[in-house]
Amino acid sequence: MPCGGGAVKARGVKSPNHLIARRAGPLKGVVRAPGDKSVSHRALILGALATGVTEIEGLLEGDDVKRTAAAMAAFGAGVERLGEGRWRVEGRGGLSEPADVIDCGNAGTGVRLIMGAAAGFDMVSTYTGDASLRGRPMNRVLKPLGEMGATWLCRAAGRLPLTLKGGNLKHIVYRLPEPSAQVKSAVLLAGLHAAGGAEVIEPEATRDHTERMLRGFGAEIEVREAGAGRHILLPGGQKLKGTAIHVPGDPSSAAFPLVAALVTPGSEVTVLGMLLNPLRIGLLDTLGEMGADLSVTNVREEGGELVGDVTARHSALEGVEVPAERAPSMIDEYPILAVAAAFASGRTAMRGIGEMRVKESDRIALMAAGLTACGLAVEEEPEALTVVGSGGRVDGGGKVVTHGDHRIAMSHLIMGLATERPVSVDEPGMIATSFPGFVELMRGLGAEIE
Ligand code: S3P
């Protein structure tokens, strides 16, 4: 099915009303996590910016990433699905003006990275998304892009829908005010086509897939650790060359079956080929400190990233203090960590997690509400969440409101596999944004989710 110029259509996510998870036997088996979402978005975008062919293996075929594939076709790249997870992108050495609005659905990473890439070109492009994405702050990328010379018009300050005009960008030295790999990546992608390039300074290191992948596409990029943070220097006017990309398993998705095994008595689950980038595995460190029986084997390098097979066995967990500086390396994993904490003995305090409030939902508020509805005691603060562990016996019985947030839905379904009473979640169709096949994969391990 070859398709260019807007022919890759991302379908909307259909939502069944709710799903219910209930306690059954132990979970057993070996699974492969879906492709990493961050790497998948970047592979498509860099493939479209490059000249020549990029062949991608293991692409995450979730709704978020399919929106980015459709967007890259709309910007003029040839985008073709060759088979399951196998995609071919033919880049034309730049993006051209799209004929229609770019709808990024639920994908914050998609829209922010695409706006960065598009800002480098003298053209107008208009972006929108679903209700969740339209409510999320875009100022964090618009501010640096504006300093570089891009302009925009939006309906409500810093919110989608918005129209961006790019081109003739100038050099920027930008210190990230919040730890955000999306903002860093947007500035670097714009910097590719800025006179003099770009320098991003991050006080706290965030996931570095853009830097690694830019190198893979032949770009020159320098990373310097200095007293005041990590400096990423990208010279401007660089040409990217298409390459081959193998997308590793997403640690943010692998976290669900792994934590399910930790909290469900008698379980042992292995996830094969999980990305072990040190800037993504704060959850493994935290679970290890909680006493989780985790082992990592067969560690190898694939396409410039470390991957390995991770096995989790049911464990008696202890509450811990999660250091605030660990937040960037596990920012998407706090919801499932809160579930592990619910089964632990003692308190688990998660601090420095204010960024969770501006994800697909306010994840601090929704985890606090969901855990409370399942009989747990929690303490919510503006930038922190503390869960008072049950010591292993959680009531459950909650009817959880997810606000269409995939990770809130999956976290509570995992909890329901080990609670006394079933747990139900609404809007479970949104799980397909990041983990298509989640329910089937969990059922294959022995989970009862219907
Ligand atoms: C992502 C960065 C993180 C993360 C998101 C994916 C990325 O967001 O939460 O799911 O691929 O760069 P922030 O950059 O807003 O922290």
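What counts, and where the lines are drawn
Residues numbered from 1 in each chain as written. Predicted model: local features only at pLDDT ≥ 70, side-chain atom pairs only at ≥ 80, totals over all residues. Heavy atoms only, no water. Near = heavy atom within 4 Å. Polar contact = N/O pair within 3.5 Å; in protein donor to acceptor, adjacent residues only side chain to side chain. Areas by Shrake-Rupley, 256 points an atom, 1.4 Å probe, with all protein chains shown as cover. Helix = DSSP H or I, 4+ residues; strand = E, 2+ residues; numbered from the N terminus. Nonpolar A, V, L, I, M, F, W, Y, C, P; charged D, E, K, R; others polar. Domains from an automatic or database assignment. Phe/Tyr/Trp six-rings, centres within 6.5 Å; stacked < 30°, edge-to-face > 60°. Buried < 20%, exposed > 50% of the residue type's maximum accessible area, 1.4 Å probe, protein only. Contact = heavy atoms within 4.5 Å. Buried area = accessible area lost by both parts, 1.4 Å probe. Salt bridge = Lys/Arg side-chain N within 4 Å of Asp/Glu carboxyl O. Pairing = 2+ DSSP bridges. Core = buried A, V, L, I, M, F, W, Y, C linked by side-chain atoms within 4.5 Å.

Undergrad: Now, about the site of the ligand: what can you tell me, with residues and values included?
TA: Near the ligand, the surroundings consist of Ser38, Arg42, Thr109, Arg140, Pro179, Ser180, Ala181, Gln182, Arg207, Ile331, Asp332 and Lys359. In the model, an oxygen atom of the ligand is placed 2.7 Å from a nitrogen or oxygen of the Ser38 side chain. At 2.7 Å from an oxygen atom of the ligand is found a side-chain nitrogen or oxygen belonging to Arg42. Starting from 390 Å² of accessible surface for the ligand in isolation, the protein chains cover 95%. Elements with a contribution of two residues or more to the shell around the ligand: α1 (37-49) and α6 (181-191). Class assignment of the residues belonging to the shell around the ligand gives a composition of three nonpolar, four polar and five charged. A domain-level breakdown of the shell around the ligand finds at least three residues from each of domain 1 (18-33 + 248-449) and domain 2 (37-246).

Undergrad: How would you sum up the packing of aromatic side chains? Please name residues and give values.
TA: In this structure the tally under the stated criterion is two aromatic pairs. Judged by centre distance (6.1 Å) and plane angle (80 degrees), the ring pair of Phe256 and Phe438 falls under edge-to-face. Of this pair, Phe256 sits in helix α8 (residues 251-263) while Phe438 sits in helix α13 (residues 438-444), and the two are 182 residues apart along the sequence. A relative accessible area of 1% places Phe256 in the buried class.

Undergrad: Please give an account of the domain arrangement of the protein that cites residues and values.
TA: Taken as a whole, the protein is organised into domain 1 (18-33 + 248-449) and domain 2 (37-246). For domain 1 and domain 2, the distance between their C-alpha centres works out to 28 Å. At the interface, 25 residues of domain 1 touch 24 residues of domain 2. Each partner contributes to the roughly 2100 Å² buried at the junction of domain 1 and domain 2, and carbon and sulfur atoms together form 48% of this total. Summed over the three residues of domain 1 that lose the most area to domain 2, namely Leu279, Pro328 and Thr433, the buried surface amounts to 25% of that side.

Undergrad: With reference to specific residues and values, describe the environment of Glu427.
TA: Topologically, Glu427 is positioned in the loop between β24 (423-426) and α13. Taking the relative accessible area as the measure of exposure, Glu427 reaches 32% and is therefore partly exposed. On a C-alpha basis, the gap between Glu427 and Ala409 in space is 7.8 Å, while along the polypeptide they are 18 residues apart. For Glu427, the side chain forms a polar contact with the main-chain nitrogen of Gly404, separated by 3.2 Å.

Undergrad: Kindly report on the pattern of salt bridges, identifying the contributing residues and their values.
TA: If you walk through the whole model with that rule in mind, you get 39 salt bridges. With its nearest N and O atoms 3.6 Å apart, the salt bridge here joins Asp64 to Lys37. Of the two residues, Asp64 sits in helix α2 (residues 63-74) while Lys37 sits in helix α1, which places them 27 residues apart along the sequence. By relative accessible area, which is 8% here, Lys37 ends up buried. Across the pair Arg230 and Glu202 runs a salt bridge, and its minimum N-O distance is 2.3 Å. Remark: Glu202 occurs in strand β12 (residues 194-202) and Arg230 occurs in strand β14 (residues 229-234); sequence separation between them is 28 residues. Of the residues examined, Arg230 reaches a relative accessible area of 7% and is grouped as buried. A residue is classified by how much of its surface remains accessible, and Glu202, at 1% relative accessible area, is buried. Look at the salt bridges and you will find they share partners, linking Arg136, Arg207, Asp332, Glu360, Arg363, Asp405 and Arg407 into a network.

Undergrad: Break down the pairing of β24 for me, with residues and values.
TA: Of the strand pairs in this sheet, strand β2 (residues 18-22) and β24 are connected by four bridges, and their pairing is antiparallel. Directly across from Ile20, in β24, lies its bridge partner Ser424. Across two bridges, strand β23 (residues 399-400) lies against β24 in parallel orientation. Each bridged residue has a counterpart across the sheet, and for Val400 the counterpart in β24 is Val425.

Undergrad: Let's hear about the nonpolar core: which residues, and what values?
TA: Counting 75 residues, the largest nonpolar core has Tyr334, Phe438, Met442 and Ile449 as its most contacted members. With sequence-adjacent residues up to four places away left out, Tyr334 is seen in contact with Val322, Arg326, Ala327, Met350, Ile353 and Met356. Counting residues in hydrophobic clusters, the runner-up holds 68 residues, among them Leu44, Ile56, Met148 and Val187.

Undergrad: Report on unusual backbone geometry, specifying residues and quantitative values.
TA: Along the chain, Leu160 connects to Pro161 via a cis peptide bond; the corresponding omega equals 0 degrees. One can find Pro161 in the loop between β9 (151-154) and β10 (162-165). Even without a glycine there, the phi angle at His403 is positive, about 50 degrees. Here His403 shows up in the loop between β23 and α12 (406-416). A positive phi angle is found at Glu427, which is not glycine, with a value near 45 degrees.

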